[in-house]
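Structure assessment
Below are the chains, spelled out letter by letter.
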Amino acid sequence: MARKASIWILDGNRAAAQGVKLSRVQVIAAYPITPQSPVTEKLSEFVEGKELDAQYIAVESEHSALAVCTSASMVGARTFTATSSHGLAYMHEMLHWAAGARLPLVLACVNRAIGAPWNVLNDQQDSISQRDTGWIQIYARNNQEIIDSIIQAYKIAESIYVPVMVCYDGYVLSHTEMPVDVPAQEDVDRFLPPYKPHTILDPANPKNYNLVTLANPRVNAEGVLCHGYMELRYLLQEALQNSRETITTVGREFGELFGRSYANMFWENRLDDADVVIVAMGSLAMEAMVAADILREAGHKVGVLGLRVFRPFPKADVAKALKKSRLVVVFDKNISYGLEGATCSEIKSALYGNSVRAVIRNFIVGLGGRDVKARELVDAVNKSLLSLKEGDLNEEYPEWICAI
Amino acid sequence: MGTRDCRHICGESSPAVGEAGKTGEWRDSFPVIDPEKCLLVRQNKPSCFLCWLYCPDAVISKTIPIQINMEYCKGCGICAQICPAHAITMVREEGLCLDETG
Amino acid sequence: MQDYYEIRWHGRGGQGAITAAKILAQAAYLEGYQGVTAAPSFGAERRGAPVSASTRIATQTIMVVSQVETPNVVVVLDHTLLKYDEVTSGLVRGGWLIVNSWRHPKELALGGDFNIATADATRVCSSLGLIVAGLTVVNTAILGAFIRATEAVSMASIEKAIRERFSNSEVDINLAAITQTYEITKLEKIK
C-alpha cells in the first residue's frame with residue numbers, strides 16, 4: 001500500500017494536471033479550448049513555478065500540439081497534451097500518425113460536443129469519432145479515475161508503444177469538484193519507470209523513421225526483409241489486440257500500490273444476479289448506478305456495466321458479463337449517424353456468436369450537455385421491459401431521449 | 001518467411017549504400033568527366049563540388065578528382081546540368097540498346 | 001447531521017457563487033462527510049448575468065452527476081434574483097431559502113412551504129471593505145447565514161476551508177465577514 005496519500009477536493013481538470021505532474025512528463029504542448037483550458041493553465045503554472053521540470057511549448061493549433069508531442073516522443077521525451085471537441089478533430093491526422101509511429105503519447109480528451117451548431121458542453125462524440133485511429137481509449141467515471149488513469153496510461157503506453165487517450169466528461173467532471181486521493185510522488189516513481197523510447201535518434205547511428213513504405217515487404221541494404229505498409233498496420237492491430245493483458249496487469253499493480261484496483265476492462269455493479277443490465281460509459285455510469293438503485297427498490301434485478309476501456313474493446317469479457325442477462329439497455333452520449341450509438345454496436349458485436357440471448361435496447365442521451373437524470377434512465381429501462389413483455393424484440397434504430 | 005525478423009515496430013531504415021536498390025540498372029546514359037575542364041582538378045583544391053552536392057543518389061565522392069559509383073549512378077544527368085565548367089557530358093549507354101535487339 | 005444536502009447557489013457572474021459552492025464542499029469534507037461535490041452551472045459565465053452553482057454533501061460517496069433538481073437548500077447572493085421563478089424551483093418542503101437581504105424573512109412574503117433565513121451580507125462586507133474590482137463580495141459572508149440556518153457544517157470546518165483556499169492576507173477579513181453575518185442572520189421557520 002502507498003505510504004502517503006492525501007485527499008484533495010479537485011475538479012477533473014486539476015486532477016488531470018496533478019496526474020501529469022506526478023508522471024514527470026517532460027514535454028507538454030497544448031492549445032486551449034473549453035472545457036480543457038484549465039488543464040493547460042495549471043500545467044503551465046507548474047512549469048513556470050518549477051514544480052514540474054518540463055518544457056511547455058505554446059503552439060498555434062491542436063494539430064501542431066500533437067505534432068510537437070509526436071516529435072518530442074520520438075527523441076525520447078515523455079509527453080502530454082489535452083484537448084476537446086474541435087481541437088481533437090483538428091488533431092485527427094496526427095492521431096493516426098502517433099499511433100502508426102508507435103509513440104506512447106498520452107492525451108486527455110475532455111469530452112465535448114462538436115459543431116455545428118456551436119456547443120461547448122458535454123457529450124462523447126469527439127473521442128468516439130477518433131476510435132479508429134489506433135489509440136487506446138480509457139473513460140473515467142469520476143475525478144479519482146482521471147488522475148489514476150493518466151498515471152496508468154503512461155505505463156500502458158510505454159509498455160506496448162501504443163498511445164493512450166484518457167477521456168472524461170466536460171463540465172460534469174472537468175468543472176465539478178470532489179474528493180480525490182492524490183498519490184505521493186515517491187509512490188508514483190516506484191510505479192512508473194522512466195520512458196524508454198524505441199526510436200533512438202543518434203547522429204552516430206542515423207535512422208530514417210516512418211519513411212515512405214510501399215505496399216509489399218522489401219529487402220533492405222543489409223539483406224533483411226522489412227515490413228511493407230500492411231505488416232506495420234497488422235502490428236498495430238496486434239498490439240491493441242494483446243493490450244488487454246497489459247492494461248489489466250498495470251491496473252492490478254496500481255491497485256496493489258495505491259489501493260484502487262483497475263484490474264478489469266469495465267466496472268461491474270451488481271451483475272451477479274442481474275437479468276437486466278444498464279451499459280454506460282464515463283460519468284453516466286455513475287448516474288446509472290443511481291438508476292439501478294431505484295429499479296432494485298422496485299423489484300427489478302438490475303446491474304450496471306460501466307465501460308472503462310473502449311479501445312481495445314473487451315469483447316470476450318463483455319460477453320461473459322452479460323451471459324445471464326435477458327435485457328441490455330445501452331445508453332450512448334454519441335451517435336454513429338445512420339446506425340446507432342457506438343457502444344451499442346460494440347456490445348452487439350461482442351455478443352455475436354456467444355449464445356447470449358439478451359434483447360438489446362439503445363438510447364441516445366445527453367448530447368450537447370443535455371442533463372441525463374437517473375429517473376430518465378429508469379424510465380428508459382421500464383419502457384424497454386414493457387416492450388420486452390409485449391414481445392417487441394427488435395428495434396432497428398435507437399431511441400432518443402429528447403423533445404422531438 | 002515473414003517480416004517479423006526485421007524487429008521494427010514502425011517504418012524504419014538506416015542510410016546505406018543500395019538502400020533504394022541497384023539504381024545503376026536504371027541508367028540509359030552515363031556521365032563522363034573531362035578533368036581538363038573540372039575546376040577541382042584545375043585548381044587542385046576543394047572548391048566547386050556542385051556535382052557532389054546535387055547528385056540525388058549521393059554516388060559522387062567528395063574527392064579530387066571526383067569518383068562516380070557506377071553501380072548506383074542512375075544516369076539522371078543532373079551533374080552534367082549543374083557543372084559550371086561543362087566538364088561532364090552524358091553519353092548513351094551501349095550494349096543492351098534497341099538497335100541490337102531490334 | 002442530516003445525511004444528504006443538495007444546495008443550489010444563485011448569484012450574478014462575479015459575485016462568487018461558484019467559489020462559495022466549492023468552499024462549502026471542502027468544509028463539509030473536513031467536517032467528516034464522505035461525499036461532497038461542487039459544480040458550476042455548466043457553460044459560459046458572464047459578469048452580471050444570473051448564474052447558479054451546486055454543492056452536494058452526503059455521508060456516503062456521491063454517485064449522482066446530474067444537476068440538482070430538488071435542492072433542500074437554496075442560497076441567493078443577490079435578492080433581486082428572487083424575481084426569477086427558477087431560484088426557488090424544486091426547493092423541497094421544509095428546506096431552507098437563504099437570502100442576502102436587509103429585509104426580515106417575513107417581509108420577503110414568498111409564501112412557500114420552506115424556511116427562510118436572511119442576512120444583510122452586503123452591508124457586512126462593505127463595512128469590512130470586502131470589495132473586489134468594485135463589487136462587494138458576499139460569497140464567503142453568506143456562508144455564515146448558511147451555517148446558522150442549516151447547522152450542516154461547523155464554523156471550525158468553514159474556517160479550515162477558508163484557510164486552505166485563501167492567502168493569509170485574505171483570511172481574516174473573510175472570517176470576520178462570515179462571523180458577523182452569522183450573528184445578524186434572521187431565521188423564520190415554517191410551522
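Let me sum up the structure you'll find in this document. (Residues numbered from 1 in each chain as written. Chains lettered and ligands numbered in written order. Predicted model: local features only at pLDDT ≥ 70, side-chain atom pairs only at ≥ 80, totals over all residues.)

1. Topic: the interface of chain A and chain B
Stated formally: Residue pairs are scored as contacts if the distance between their C-beta atoms, which are placed from the backbone, is within 7 Å. Each residue is assigned to one class: nonpolar for Ala, Val, Leu, Ile, Met, Phe, Trp, Tyr, Cys and Pro, charged for Asp, Glu, Lys and Arg, and polar for all the others, Gly among them. A strand pair is defined by DSSP finding two or more bridges across the two strands. Every helix listed is a DSSP run of H or I at least four residues long, and every strand listed is a run of E at least two residues long, numbered separately from the N terminus.
Chain A puts 22 residues into the contact, and the matching count from chain B is 16 residues. Taken together, the residues that form the side of chain A that touches chain B break down as 12 nonpolar, 7 polar and 3 charged. Sheet topology places strand β9 (residues 208–209) of chain A next to strand β1 (residues 12–13) of chain B; 2 bridges connect them, and they run antiparallel. Looking at β1 of chain B, one finds that Asn208 of chain A is bridged to Ser13 of chain B.

2. Let's talk about the interface of chain C and chain A
Counting residues at the interface gives 18 residues for chain C, matched by 20 residues for chain A. Those elements that place two or more of their residues in the side of chain C that touches chain A are α1 (17–31) and β2 (35–40) of chain C.

3. Thoughts on the nonpolar core
Applicable threshold: By definition, a nonpolar core groups buried Ala, Val, Leu, Ile, Met, Phe, Trp, Tyr and Cys residues that connect through C-beta atoms lying within 7 Å of each other. The burial criterion counts other C-beta atoms lying within 10 Å of a residue's C-beta, which is placed from the backbone; the residue is buried at 20 or more, exposed at 12 or fewer, and partly exposed between these limits.
Residues Val166 and Ile278 of chain A together with Ile98 and Ile142 of chain C are the most contacted members of the largest nonpolar core, which totals 192 residues. Looking at this core, the element that brings in the most residues is α1 of chain C, giving 11 residues. If you look at the next biggest cluster of nonpolar residues, it comprises 13 residues, including Val59, Ile60, Tyr72 and Cys83 of chain B.

4. A short note on helix α3 (residues 62–74) of chain A
Residues and elements named next belong to chain A. Basically, it comes down to this: Each residue after the first adds 1.5 Å to the expected span of a helix.
Its 13 residues give α3 an end-to-end C-alpha distance of 18 Å, which sits within 8% of 18 Å, the value for a rise of 1.5 Å per residue. All buried positions along α3 are accounted for by Glu62, Ala65, Leu66, Val68, Cys69, Thr70, Ala72, Ser73 and Met74. Looking one or two residues beyond α3, the residue adopting positive phi is Gly76, at roughly 105 degrees.

5. Notes on the packing of helix α5 (residues 155–165) of chain C against helix α6 (residues 168–184) of chain C
Geometry of a packed helix pair, given as the angle between the helix axes and the separation of the axes. Residue and element names in this part refer to chain C. Defined as follows: Lines fitted to C-alpha atoms define the axes here, with helix axes fitted over just the stretch in contact, and angles between the N-to-C directions of these axes take values from 0 to 180 degrees. The scheme is simple: roughly parallel for angles under 35 degrees, roughly antiparallel for over 145, roughly perpendicular for 65 to 115, oblique for anything else. Crossings are sorted by hand: turned counterclockwise from the far helix by less than a right angle, the near helix makes the crossing left-handed, and turned clockwise it makes it right-handed.
The geometry of α5 relative to α6 is characterised by a closest axis approach of 10 Å and an angle of 150 degrees between their N-to-C directions. Comparing their axes, α6 and α5 come out roughly antiparallel. Relative to α6, the crossing made by α5 is right-handed. From α5, Ile158, Glu159, Ile162 and Arg163 reach across to α6, where they touch Val171, Asn174, Leu175 and Ile178.

6. Some points on the sheet that holds strand β5 (residues 96–100) of chain C
Remark on secondary structure: sheet strands pair via backbone hydrogen bonds, oriented parallel or antiparallel. Residue and element names in this part refer to chain C. Reading across the sheet, the 7 strands line up as β2-β3-β1-β4-β5-β6-β9 and stay open at both edges, with mixed pairing between neighbours. Each having just a single partner strand, β2 and β9 (186–188) make up the two edges of the open sheet. Between one strand and the next, the sheet's axes are offset by a mean angle of 15 degrees, whatever the strand orientation. Sheet strands touched by helix α4 (residues 141–150): β4 (73–76), β5, β6 (115–119) and β9. Its angle to β5, the strand with the most contacts, is close to 150 degrees.

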